[in-house]
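Observations on chain architecture
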Amino acid sequence: MNSSRFWTKLGLYGALIAAWTATMGSLYLSEVSGFTPCTLCWYQRILMYPLAGLLTLGIMRRDPHLPHLVLPFSLVGQGVAVYHFLLQKTPYFGSPSSCGIGVTCTTVWLDWFGFVTIPLLAMVGFMAITTGMLMVIAGDAGGAGKAWPYQWPRWPAPFVVLIAIGLYVAGAAQAGKIHVSLPDAALPFATELPFLNLSEEPTPTPTPSATPTSLEDGAALYALACINCHGEQGAGVEGLGTALADSPHVSGVSDDALAAVIRDGRAADAADNRTGIAMPASGGQADLTDEQIGDLVLYIKSLQ
Ligand code: HEC
C-alpha cells in the first residue's frame with residue numbers, strides 16, 4: 001500500500017473520530033453530567049460542532065478542499081482552548097474572573113490528575129483535527145504525479161458517526177438521564193422549614209471561631225467563587241445554583257456537612273441532588289484550603 005495514502009486515511013479518520021468524540025463528549029458533560037458551560041466553553045463548542053458535520057460530509061463527498069475548510073475552525077478553536085486552559089491553570093491572565101453571566105471561565109469542573117481539565121481535552125481534540133488535516137495536505141504534496149484527490153474510503157465515516165451517537169445514548173441511558181428540569185419537589189418544604197427553625201431557635205450565637213475577619217474572608221471568597229451560581233447574598237440563580245440564604249439545606253445542616261458539600265461538590269446524579277444541576281468541587285476553585293472552606297461555611301450560615 002502506498003504510504004502517503006495510509007497517512008491521508010489516518011489523518012482524515014483521526015480527525016473525524018476526534019471531532020465526534022469532542023462533540024458527543026461535550027454534550028455528555030453538559031446534558032448528562034450537568035456541568036454548565038462557561039462563555040469560553042461555548043466558543044469552543046461553536047468551533048467544534050460544525051467540524052463533526054463538515055468532516056463527515058467532506059469524507060463522504062471526497063472533497064479535496066476539506067483540509068482548507070476545516071483548518072480555520074480547528075486552529076482558532078485550538079487557540080481558544082489553549083487560552084482557556086492557561087486562564088484556569090496559571091495566574092498570567094488575571095485572577096479568577098467571570099467572563100460572562102453564569103459560570104466563570106475559571107470554574108474547574110473536571111481536574112483529572114491535577115491538570116486534565118475540559119479545555120485541555122478540547123485542546124487535544126482541536127490539535128488532533130489540525131494534525132489530521134496537515135497530514136492530508138502533506139500526503140497530497142508528497143504524491144506529486146499521482147491523481148488527486150485520492151479516492152479515500154468513505155463508508156467507514158457513517159459508522160464512526162453511528163458509534164459516537166450510540167455511545168452517547170448508551171451512556172445517557174445508563175446514567176438514567178434525559179435531562180428534565182422537574183418542578184423542584186423539595187420546594188414546598190423549603191418555604192416551610194425556615195419557619196420551624198425560626199420558632200425553635202432564635203439565638204444567633206456565633207461559634208467561637210467566628211471572628212469578624214474570617215466572616216469577611218468568607219464573604220470575599222464567596223464573591224469570587226460562588227456568587228455566579230448562588231447569587232448575591234445567597235439569593236440563588238435560576239438554572240445555576242440554589243438559594244443559600246434562608247435555606248433549610250444550609251440552616252438545617254451541620255458545619256461539617258456543609259464543608260463536605262463545598263469541598264466535594266455535588267454530582268447531578270447524586271442521591272441528594274434536588275435540581276439535576278451539578279456543583280463543582282470547591283465551587284470550581286481547585287485550591288480552596290480547609291480554612292477557606294471554614295470561612296465560607298461561616299459566611300453562608302450568616303445568611304440564614
Ligand atoms: C457552577 C455553579 C456553582 C458554583 C460555582 C457553586 N455552587 Fe454550590 N451548588 C450548586 C448547585 C447547582 C447546588 C445544588 C445541587 C442540588 O440540586 O442539590 C449547590 C449546592 C450547594 C450547597 C448545598 C445547599 C443546597 O442548596 O443543597 C452549598 C452549601 C453550596 N452549594 C455552597 C457553595 C459554595 C460555598 C460555593 C463557592 C465556593 C459554591 N457552592 C459554588 C452550584 C454551584
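Rules used in this analysis
Residues numbered from 1 in each chain as written. Predicted model: local features only at pLDDT ≥ 70, side-chain atom pairs only at ≥ 80, totals over all residues. Heavy atoms only, no water. Helix = DSSP H or I, 4+ residues; strand = E, 2+ residues; numbered from the N terminus. Buried < 20%, exposed > 50% of the residue type's maximum accessible area, 1.4 Å probe, protein only. Contact = heavy atoms within 4.5 Å. Areas by Shrake-Rupley, 256 points an atom, 1.4 Å probe, with all protein chains shown as cover. Donors = N, O, S within 2.8 Å, 3.2 Å for Na, K, Ca; no water. Tetrahedral: all angles 85-135°; square planar, octahedral: opposite > 155°, others 65-115°. Near = heavy atom within 4 Å. Polar contact = N/O pair within 3.5 Å; in protein donor to acceptor, adjacent residues only side chain to side chain. Nonpolar A, V, L, I, M, F, W, Y, C, P; charged D, E, K, R; others polar. Core = buried A, V, L, I, M, F, W, Y, C linked by side-chain atoms within 4.5 Å. Phe/Tyr/Trp six-rings, centres within 6.5 Å; stacked < 30°, edge-to-face > 60°. Lys NZ or Arg CZ within 6 Å of the ring centre and 35° of its normal. pLDDT = per-residue confidence, 0-100. Axes fitted to C-alpha atoms, helices over the stretch in contact; angles between N-to-C directions. Parallel < 35°, antiparallel > 145°, perpendicular 65-115°, else oblique. Left-handed = near helix turned anticlockwise from the far one by under 90°.

Our focus in this paragraph is the overall build of the chain. Scanning the chain from terminus to terminus reveals 11 helices and 0 strands. Each helix (α) and strand (β) of the chain, taken in turn from the N terminus, gives the series α-α-α-α-α-α-α-α-α-α-α. Per-residue burial for the chain yields a buried fraction of 41% across its 304 residues. If you take every contact in the chain between residues at least 6 apart in sequence, the share linking residues at least 24 apart comes to 73%. Total accessible area on the chain stands at roughly 16,400 Å², and carbon and sulfur atoms take up 67% of it.

Protein coordination at the iron atom of the ligand comes from H230 (NE2) and M279 (SD), with a distance range of 1.9 to 2.1 Å. Here the iron atom of the ligand is ringed by 6 donor atoms whose angles at the metal span 88 to 179°, and the overall shape comes out octahedral. Of the two residues, H230 sits in helix α8 (residues 227-230) while M279 sits in the loop between α10 (255-264) and α11 (290-302), which places them 49 residues apart along the sequence.

Around the ligand, the structure places 26 residues, and the nearest of them are C226, C229, H230, R266 and M279. Between a nitrogen atom of the ligand and a side-chain N or O atom of H230, the distance comes to 2.7 Å. A distance of 2.5 Å separates an oxygen atom of the ligand from a polar atom in the side chain of R266. Its residues assigned to classes, the shell around the ligand comprises 16 nonpolar, 7 polar and 3 charged.

This paragraph deals with unusual backbone geometry. Trans is the prevailing form of peptide bonds, just as negative phi is the prevailing case for residues other than glycine. A positive phi angle, close to 55°, is found at Q233, a residue other than glycine. Summarising the element assignment, Q233 is placed in the loop between α8 and α9 (248-251). Taking relative accessible area as the criterion, Q233 reaches 53% and is therefore assigned exposed. For S282, which is not glycine, the phi torsion reads 50° and is therefore positive.

Counting 43 residues, the largest nonpolar core has L12, L16, L55, I59, I129 and M133 as the members making the most contacts within it. In contact with L16, other than residues within four places in its own chain, are A52, L55, T56, I59, A157 and V160. One finds L221, A225, V250 and L258 within the second-largest nonpolar core, a separate group that totals 16 residues.

Right, let's get into the packing of aromatic side chains. Geometry of an aromatic ring pair is reported as the spacing of the ring centres plus the angle between the planes. By the definition in use, this model includes 3 aromatic pairs. The residue whose ring lies beneath R45 is W42, and the NZ or CZ to ring-centre distance is 4.7 Å.

Here we come to the confidence of the model for the chain. Mean pLDDT over the chain works out to 80, with 80% of the residues at or above the 70 mark. Summarising per-element confidence for the chain, the mean pLDDT is lowest in helix α6 (residues 187-200) (39) and highest in helix α2 (residues 39-60) (93). The model gives residues 178-183 a pLDDT under 50, and that stretch makes 3 contacts with residues more than four places away or in other chains. Low pLDDT (under 50) marks residues 186-206, which in the prediction has 8 contacts with non-local residues, meaning those over four places away or in another chain.

Moving on: the packing of α2 against helix α3 (residues 66-89). How two helices sit against one another is set out by the angle between their axes and by the gap between those axes. Running from N to C, α2 and α3 cross one another at 155°; their axes reach a closest spacing of 9 Å. Classified by the angle between their axes, α2 and α3 sit roughly antiparallel to one another. Here α2 runs over α3; the crossing is left-handed. The segment α2 lies against α3, with L40, C41, Y43, Q44, L47, P50, L51, L54, L55, G58 and I59 engaging L66, L69, V70, F73, S74, V76, G77, V80, A81, Y83, H84 and L87. Looking at side-chain class alone, the contact of α2 with α3 contains 18 nonpolar, 5 polar and no charged residues.

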